[in-house]
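Chain residues, written in single-letter form:
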Amino acid sequence: MNKVISGFSKLTKEQKIQWLTDNFLSDTEGSNPPRALGVMGGGILKKFWHNDPEFQKVFDGFSENTVSNFPIPLGIAPNFVINGKTYAIPMAIEESSVVAAASSAAKYWLERGGFHAEVLNTQKVGQVHFTWAGAVVNDKHQTLWDFFPELKKTILEETAFLTVNMRNRGGGVLDIELVDFTETEEEYYQLRVTFETCDSMGANFINSVLEEMGIVLTQFLTAKTGIAPVVVMSILSNYTPQCVVRAWVECDIEDFHDKDAAFYAEKFRKAVRIARIDPYRAVTHNKGIFNGIDAVVLATANDFRAIEACGHAYAACDGQYRSLSQCTIEGNHFKFWLDIPMAVGTVGGLTSLHPLAKLSLDILGNPSAQELMMIIATMGLAQNFAAVRSLVTTGIQKGHMKMHLSNILNHFNCTEGESEKTRQYFDDKTVSFSAVREYVEQLRKSELV
């Protein structure tokens, strides 16, 4: 059977699923769960279509070649106090222990003054990458530096029609810098442009302005020297080291832990320090931070992929990959903080289109982009705090596997009664897949007697 298809995007969803079933799935009646739509029309892909056709139309418009929806649970982590304001934070994530850990950290710091956060700066970056061979004008060799002041002025003037609305909102182009890479790549230069995009993430705005800048650059140098540059590409950068937010917590040492507070505070500090020193530990450490960050970014329909890429680049900005969070103990004072670059928006894009993203922002009090940055960074810090605290006290697996128990019970298709008895049995025992399986099997055998 030929599995190559032309015009797939033009098929209806039913036709797409039917082709998928015919070519890549063995969709038989009675399969558990049913695998696709199939000839009989009752498969699992269609079961996840939204009952409201208007909602489904919106979801279909988010992507290409959609055949169904892929639901992720939307949870709430309550009791977050950030700069004196209380939040219930939406989290879109499939891992229950993440939401539980965040909620635990929120409650912990609620009694110790809450979280603190501030936006350090908000500049975003775009680049026009181009090559230029240089020129001789009036028997004199001319460089880009000779033309740059006039070029910069011309670019700002000629792109003003694109930036006027953003400038009226307090944003726009902040600066244009010429960067010379010719020592590492022949004839290669770059216009590095900084932007302020206010409450929007600004990707489309930045890219539109950059592409127009490439046109102006070409026209300017051609007219001035007769030698046109070659614009390789004009594109925003997801690395935004000048768009940074800080979140932190602090308390007296005696308030850190119920028993042996100084001992456990020092273990915590040492664990964070290890993640600053050892990249193997730093990767797992930062992954925990992004457990929290990604969940809120997804819930508000921002771009978690861009934020992760930027955060990981920032973690390696001095040449070694390090933890994004840091910890100090000075005298009797414990402080734990996180600095992270983050470009998010609260207007435009999916934040305005996705019904649950709009609701999530409403739950958060319809924050500005800067306030959302602080909320997201706080969640990353809370998640990191909960994970490290578990590691240096009880160990990570005890709490994680307790939360994972529900997934194991679902795997064995346990009834409500079986689930309740199993939870009671493992209340004071170590949870593992094999241990749960053994207990459930014994439970079912005893019920048959």
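Here, every reference points to the structure presented above.
Residues numbered from 1 in each chain as written. Predicted model: local features only at pLDDT ≥ 70, side-chain atom pairs only at ≥ 80, totals over all residues. Heavy atoms only, no water.

For the structure shown, the criterion picks out 24 aromatic pairs. Measuring from ring centre to ring centre gives 6.0 Å for Phe426 and Tyr439, while their planes differ by 80°; the resulting arrangement is edge-to-face. Linking Phe426 in the loop between α15 (416–425) and α16 (433–448) with Tyr439 in helix α16, this pair joins segments that are 13 residues apart in sequence. Relative accessible area serves as the criterion here: at 2%, Phe426 is assigned to the buried category. On the accessibility criterion, Tyr439 (15% relative accessible area) is buried. Three or more aromatic residues link up through ring pairs in this structure, and these residues are Tyr108, Trp109, Phe256, Phe268, Phe334, Phe336 and Phe385. Cation over ring: Lys13 sits above Trp49, and NZ or CZ is 4.4 Å from the ring centre. (Phe/Tyr/Trp six-rings, centres within 6.5 Å; stacked < 30°, edge-to-face > 60°. Helix = DSSP H or I, 4+ residues; strand = E, 2+ residues; numbered from the N terminus. Buried < 20%, exposed > 50% of the residue type's maximum accessible area, 1.4 Å probe, protein only. Lys NZ or Arg CZ within 6 Å of the ring centre and 35° of its normal.)

What follows is about the sheet that holds strand β7 (residues 172–180). Taken in spatial order, the four strands of this open sheet run β7-β8-β4-β9, and their pairing is antiparallel. The outermost strands of the open sheet, each flanked by one partner alone, are β7 and β9 (230–237). Adjacent strand axes in the sheet meet at a mean angle of 15° when their direction is disregarded. Where strand β4 (residues 124–131) and β9 come together, seven bridges link them in antiparallel fashion. Pairing of Thr131 across the sheet is with Val230, part of β9. (Pairing = 2+ DSSP bridges. Axes fitted to C-alpha atoms, helices over the stretch in contact; angles between N-to-C directions.)

What follows is about the environment of Leu359. You can see Leu359 is positioned in helix α12 (residues 355–363). Considering only alpha carbons, one finds Leu359 and Asn168, 191 residues apart in sequence, at a separation of 28 Å.

Okay, the state of the cysteines next. A full pass over the atoms with the stated rule returns zero disulfides. Left unpaired, Cys251 is separated from the closest cysteine sulfur, that of Cys327, by 9.5 Å. In this structure Cys310 is a free cysteine whose sulfur lies 7.9 Å from that of Cys243, the closest cysteine sulfur available. The class of Cys310 is buried, set by a relative accessible area of 2%. (Disulfide = S-S within 2.5 Å.)

Glancing now at the sheet that holds strand β3 (residues 116–122). Taken together, four strands build an open sheet; the order of strands is β3-β10-β12-β11 and the sheet is antiparallel. One side of each edge strand has no neighbouring strand; the edge strands of this open sheet are β3 and β11 (325–330). Each strand axis lies, on average, 20° off the axis of its neighbour in the sheet, ignoring direction. Relative to strand β12 (residues 333–341), β11 is paired through six bridges, and the arrangement is antiparallel. Residue pairing in the sheet places Glu330 in a bridge with His333 of β12.

Attention shifts here to the pairing of strand β10 (residues 243–252). Among the 10 residues that make up β10, seven are buried, leaving the element largely enclosed by the rest of the structure. The pairing of β3 with β10 spans six bridges and is antiparallel. What sits directly across from Thr122, in β10, is Cys243.

To continue, consider a nonpolar patch on the surface. A contiguous nonpolar patch, built from Leu74, Ile76, Leu356, Leu359 and Ile363 and spanning about 400 Å² of accessible area, is present on the exposed surface. Element by element, the count of residues in the nonpolar patch is highest for α12, at three residues. One can find Leu356 in helix α12. Of the residues examined, Leu356 reaches a relative accessible area of 42% and is grouped as partly exposed. (Patch = residues over 30% accessible without salt bridge, like charges linked within 9 Å, V, L, I, M, F, W, Y side chains within 5 Å. Areas by Shrake-Rupley, 256 points an atom, 1.4 Å probe, with all protein chains shown as cover. Salt bridge = Lys/Arg side-chain N within 4 Å of Asp/Glu carboxyl O.)

What follows deals with unusual backbone geometry. One non-glycine residue, Cys198, adopts positive backbone phi at about 55°. Even without being a glycine, Asn413 presents a positive backbone phi close to 50°. Within the secondary structure layout, Asn413 lies in the loop between α14 (396–411) and α15. Look at Asn413 and you get exposed, because its relative accessible area is 62%.

This part takes up the packing of helix α4 (residues 96–110) against helix α13 (residues 369–392). Taken N-terminus to C-terminus, the directions of α4 and α13 make an angle of 95°; their axes are 8 Å apart at the nearest point. Between α4 and α13, the angle is such that the two are roughly perpendicular. Touching Val98, Ala101, Ala102, Ala105, Tyr108 and Trp109 of α4 are Met379, Ala382, Gln383, Phe385, Ala386 and Arg389, all from α13. A class-by-class count of the residues in the contact of α4 with α13 yields 10 nonpolar, one polar and one charged. (Parallel < 35°, antiparallel > 145°, perpendicular 65-115°, else oblique. Contact = heavy atoms within 4.5 Å. Nonpolar A, V, L, I, M, F, W, Y, C, P; charged D, E, K, R; others polar.)

This next bit is on the nonpolar core. Ranked by size, the top nonpolar core spans 63 residues in total, and within it Phe80, Phe334 and Met342 carry the most contacts. Examining the composition of this core, we find that 13 residues originate from one element, α13, more than from any other. In this structure, Met342 is in contact with Thr240, Cys243, Val245, Ile293, Ile307, Met373, Ile376 and Ala377, ignoring residues within four places of it in sequence. (Core = buried A, V, L, I, M, F, W, Y, C linked by side-chain atoms within 4.5 Å.)

Let's shift gears to the pattern of salt bridges. Going through the model one piece at a time under the given rule, you end up with 11 salt bridges. Of the charged contacts in the structure, one is a salt bridge between Glu157 and Lys153, with a shortest N-O distance of 2.7 Å. On the criterion of helical spacing, the pair formed by Glu157 and Lys153 is a turn pair, its members being four residues apart in helix α5 (residues 144–158).

Of all nine residues making up strand β8 (residues 188–196), eight are buried, and the element is well covered by its neighbours. By the bridge criterion, eight bridges tie β4 to β8 in an arrangement that is antiparallel. Across the sheet, residue Thr131 finds its bridge partner in β8, namely Tyr188. One ladder, built from eight bridges, connects β7 with β8; its direction is antiparallel. Bridge pairing in β8 links Ile176 to Val193.

Note that every value here comes from positions in space, so none of it alone points to a role or purpose.
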